[in-house]
Amino acid sequence: MQMQRLLLSTYFLFSPERRTANMAASGGRTVGSFLWKCGNCCFNFNTVSSNLTRQVLSRQLCVSAVLHRKNLAAAGPEKFSEEFIKKQVEEFNIGKRHLANMMGEDPETFTQGDINRSIAYLFPSGLFDKKAKPLMKHPDEDTFTKALAVEKHQDRLRGKDLFTQDAKQISLVGSRWLLKEELEELLVETISEHDYARFIQLMERLLSLPYCSVEEDFVQRYRRQLEIQSSKQQVQPLQYDQHGVAYSTGDGRRKTATGTVLLRDSGSGSISINGTNYVHYFPVLQDREQLMFPLHFMGVLGRFDMQCSVSGGGHSSQAGALRLAISRAMLSFLSEGQVETMRQAGLLTPDPRIKERKKPGQEGARRKFTWKKR
Amino acid sequence: MAASLTGLLKPWTPRVLLVRWSRYNPYYLEPEPRKEVYHIPETELTPEQKEERELKSVRPIKAATNSVTSSVFNDPVLSKFVNMMMKDGDKIIAKGIITQTLENMKRKQVEKYHKAPEGKKAEIECNPYAIFHQALENCKPVIGLASIQKGGKFYQVPIPLTDNRRRFLAMKWMITECRDNKHRRTLMYEKLSQELLAAFSKEGNVVKRKHELHKMAESNRAYAHYRWW
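Residues numbered from 1 in each chain as written. Chains lettered and ligands numbered in written order. Predicted model: local features only at pLDDT ≥ 70, side-chain atom pairs only at ≥ 80, totals over all residues. Heavy atoms only, no water.

S.K.: Help me get a handle on the overall build of chain B, residues and values and all.
M.R.: Each helix and strand counted, chain B has eight helices and two strands in total. Secondary structure of chain B in N-to-C order comes out as α-α-α-α-α-β-β-α-α-α. In terms of its C-alpha atoms, chain B occupies a principal-axis envelope of roughly 70 × 55 × 40 Å. For chain B, the proportion of its 229 residues judged to be buried stands at 37%. Residue pairs at least 24 apart in sequence account for 61% of intrachain contacts in chain B once pairs closer than 6 positions are excluded. As presented, chain B carries roughly 14,500 Å² of accessible surface, and 54% of it is formed by carbon and sulfur atoms. Averaged over its 41 positive side-chain charges, chain B has a centre that lies 7 Å from the centre of its 26 negative ones. (Helix = DSSP H or I, 4+ residues; strand = E, 2+ residues; numbered from the N terminus. Buried < 20%, exposed > 50% of the residue type's maximum accessible area, 1.4 Å probe, protein only. Contact = heavy atoms within 4.5 Å. Areas by Shrake-Rupley, 256 points an atom, 1.4 Å probe, with all protein chains shown as cover. Lys, Arg positive; Asp, Glu negative; His and termini not counted. Charge placed at Lys NZ, Arg CZ, Asp CG, Glu CD.)

S.K.: Residues and numbers for the sheet that holds strand S3 (residues 239–240) of chain A, please.
M.R.: Residue and element names in this part refer to chain A. Overall, mixed pairing links the six strands, which are arranged S3-S4-S5-S8-S6-S7 in an open sheet. Taken across any chain shown, the strands that pair with only one partner, and hence form the sheet edges, are S3 and strand S7 (276–277). As judged from the two bridges shared by S3 and strand S4 (residues 246–254), these two strands associate in the antiparallel manner. Across the sheet, residue Tyr240 finds its bridge partner in S4, namely Ala246. (Pairing = 2+ DSSP bridges.)

S.K.: For the pairing of strand S5 (residues 257–264) of chain A, give the residues involved together with the corresponding values.
M.R.: Residues and elements named next belong to chain A. Across the two faces of S5 the burial differs, with Ala257, Gly259, Val261 and Leu263 buried and Thr258, Thr260, Leu262 and Arg264 not buried at all. Across eight bridges, S4 lies against S5 in antiparallel orientation. Paired with Arg254 across the strands is Ala257, a residue of S5. In this antiparallel pair of consecutive strands, S4 and S5, the connection spans two residues, and Lys255 shows a positive phi of 55 degrees. The pairing of S5 with strand S8 (residues 305–311) spans seven bridges and is classified as antiparallel. Its bridge partner lying in S8, Arg264 is registered against Asp305.

S.K.: Residue-level account of the interface of chain B and chain A, with values.
M.R.: With 43 residues of chain B at the interface, the matching set in chain A holds 46 residues. The interface formed by chain B and chain A holds zero salt bridges in total. Counting the contacts that link chain B with chain A gives 16 residue pairs in polar contact (both at pLDDT 80 or more). Those elements that provide at least two residues to the side of chain B that touches chain A are helix H1 (2–6), helix H2 (47–58) and helix H4 (91–115) of chain B. Here the element with the most residues in the side of chain B that touches chain A is H2(B); it accounts for eight residues. Split by residue class, the side of chain B that touches chain A holds 21 nonpolar, nine polar and 13 charged. (Salt bridge = Lys/Arg side-chain N within 4 Å of Asp/Glu carboxyl O. Polar contact = N/O pair within 3.5 Å; in protein donor to acceptor, adjacent residues only side chain to side chain. Nonpolar A, V, L, I, M, F, W, Y, C, P; charged D, E, K, R; others polar.)

S.K.: Account for the UniProt feature "domain: Small ribosomal subunit protein uS7" (unreviewed entry) in chain B, with residues named and values stated.
M.R.: Look at the UniProt record and you will see "domain: Small ribosomal subunit protein uS7" (unreviewed entry) annotated at residues 65–221 of chain B. Helix makes up 59% of residues 65–221 of chain B and strand 10%, and the two end C-alpha atoms of the span are 43 Å apart. (UniProt positions renumbered as here; feature names shortened; annotations may be inferred.)

S.K.: Talk me through unusual backbone geometry; I want residue IDs and the actual numbers.
M.R.: Despite not being glycine, Asn274(A) has its phi angle at roughly 50 degrees, a positive value. Its location among the elements puts Asn274(A) in the loop between strand S6 (271–273) and S7. Positive phi is not limited to glycine here, since Lys202(B) has a value of about 55 degrees. Here Lys202(B) lies in the loop between helix H7 (188–200) and helix H8 (205–219). According to the relative accessible area criterion, Lys202(B) is exposed, its value standing at 58%.

S.K.: Mind laying out the nonpolar core, listing which residues take part and the relevant values?
M.R.: It is characteristic of soluble globular proteins that their nonpolar side chains tend to be buried jointly. Ranked by size, the top nonpolar core spans 32 residues in total, and within it Val261(A), Leu263(A), Ile273(A), Phe297(A), Leu322(A), Met330(A) and Met342(A) carry the most contacts. Among the secondary structure elements, those contributing two or more residues to this core are S5, S6, helix H15 (285–298), S8, helix H16 (315–330) and helix H17 (336–344) of chain A. Per-element tally for this core: the top contributor is H16(A), with six residues. With residues near it in sequence (within four places) discarded, Leu322(A) still touches Gly259(A), Thr260(A), Val261(A), Ile273(A), Phe282(A), Leu291(A), Cys308(A), Ser309(A) and Val310(A). Counting residues in hydrophobic clusters, the runner-up holds 31 residues, among them Ile98(B), Leu102(B), Trp173(B) and Leu197(B). (Core = buried A, V, L, I, M, F, W, Y, C linked by side-chain atoms within 4.5 Å.)

If you want it as structure tokens, here you go:
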């Protein structure tokens, strides 16, 4: 019930002429609808955050109307001008007289209550929501007023030369749409997956329209802030040994290799791995570059003394494990902003790539057996 | 509710196993290992860059690969070339060949530089990385051909190529040329440096192959409307 009202209210906020313009602009099926049909998980909708891509990704609504009404562009945008309203009022009056004749009553004394009763009699509706039932009302009391007010306001602004197209956009980068469970909690009723997907579609559609910042409060009610990722990093406090030199430890893993590092702030820049010098342990340039990567990135190449121990894996994965260990150990020496830059450089994420398993019926993970025709 | 978000931060296997998938959830963003990007002050950023920065602060980032560093000598194009030249996962040999090639190119160019008269010295390019990039640029085709079936016959239709495809073709031609068309006693780095220097001055077999492709595309212009994308 509330869900329907919510859907209807989002519909209501679209004025028809904008809807037609939007339908003309983005034709056919789009990526968003394709993903939705493939039954992917709902995080897809949460990734639609950029204002620039919103128009492309919002799905076509009311496709059949576009197909049947061909001359929309020629007709021009529907304007709720005074003549339009007058025409609607005339049509309403004529319809009222026809209805009175049909019901066998006097057209002159046909009140609104009589109209409602006749419509309910002629079009029996099994729907519960009053707004969903067929209605026949005088135009002045109903849908046109809000749209007409918007039009009048725009004309006034145009007269004063204040009508600009570059309205401010709602900033959506750090937030996500409500999840299905959260929406259910908010509306205090259960929603089907289709309803939820429809809701997200409509909200995205709303955001693709101009002047959506007017309804920012409405939109923000259905969004939650995403937490800043760098706050999830666990930074160990700095430790001091008996000579007052600061040190910290870190460990890292890559594929099957594990490495630990003891970073000391002594200022000589020597590196020993499993007791041997790093030049002898890693004869390949690429591995030594990987060890230097976090230090060079932060600009502290000659500052730290490192004692590393590593086991397992091959030379590349050992270098990767040590790189992660060094980055983690360095965190204690760095400020918040530097931690964030290190994270964005990809130094603090453990690499999840492992050897892909061999599948039955194939020779390896991907290689199939030789295909024989017979 | 938080369960579905933590599900995005773990090593991942998609529900339907696609052919080209990775252990990272698509929610993860690519890392940016270059130092200079992070030293631009706030005022000089465009709105798109600002939005990108805000997005990066809330999304998890993938780990940087093994071949990527923040050093000035790290070149993505060169890394791609090394990977393409690599056989059976032996990157040490491939990287060694490339290093020898660059050294060889530098030697030849410096020799030419010292032998040149005073007026011509400024025109000789001695930086091997610059030569490599320019040579690769000269080998990139602008238009490609695709085999399209229409009415029972296969036609070679000219199609536009993406940047990645062009770079791939240039590198592939260079490597196959150096592997096939050489005397059995010339070493790979020797042949490769010869070809790169030739491509730098727009001569040589690879540039010839590119021109041939262009001529084929030009001659098949009539079929261009067979392309529907």
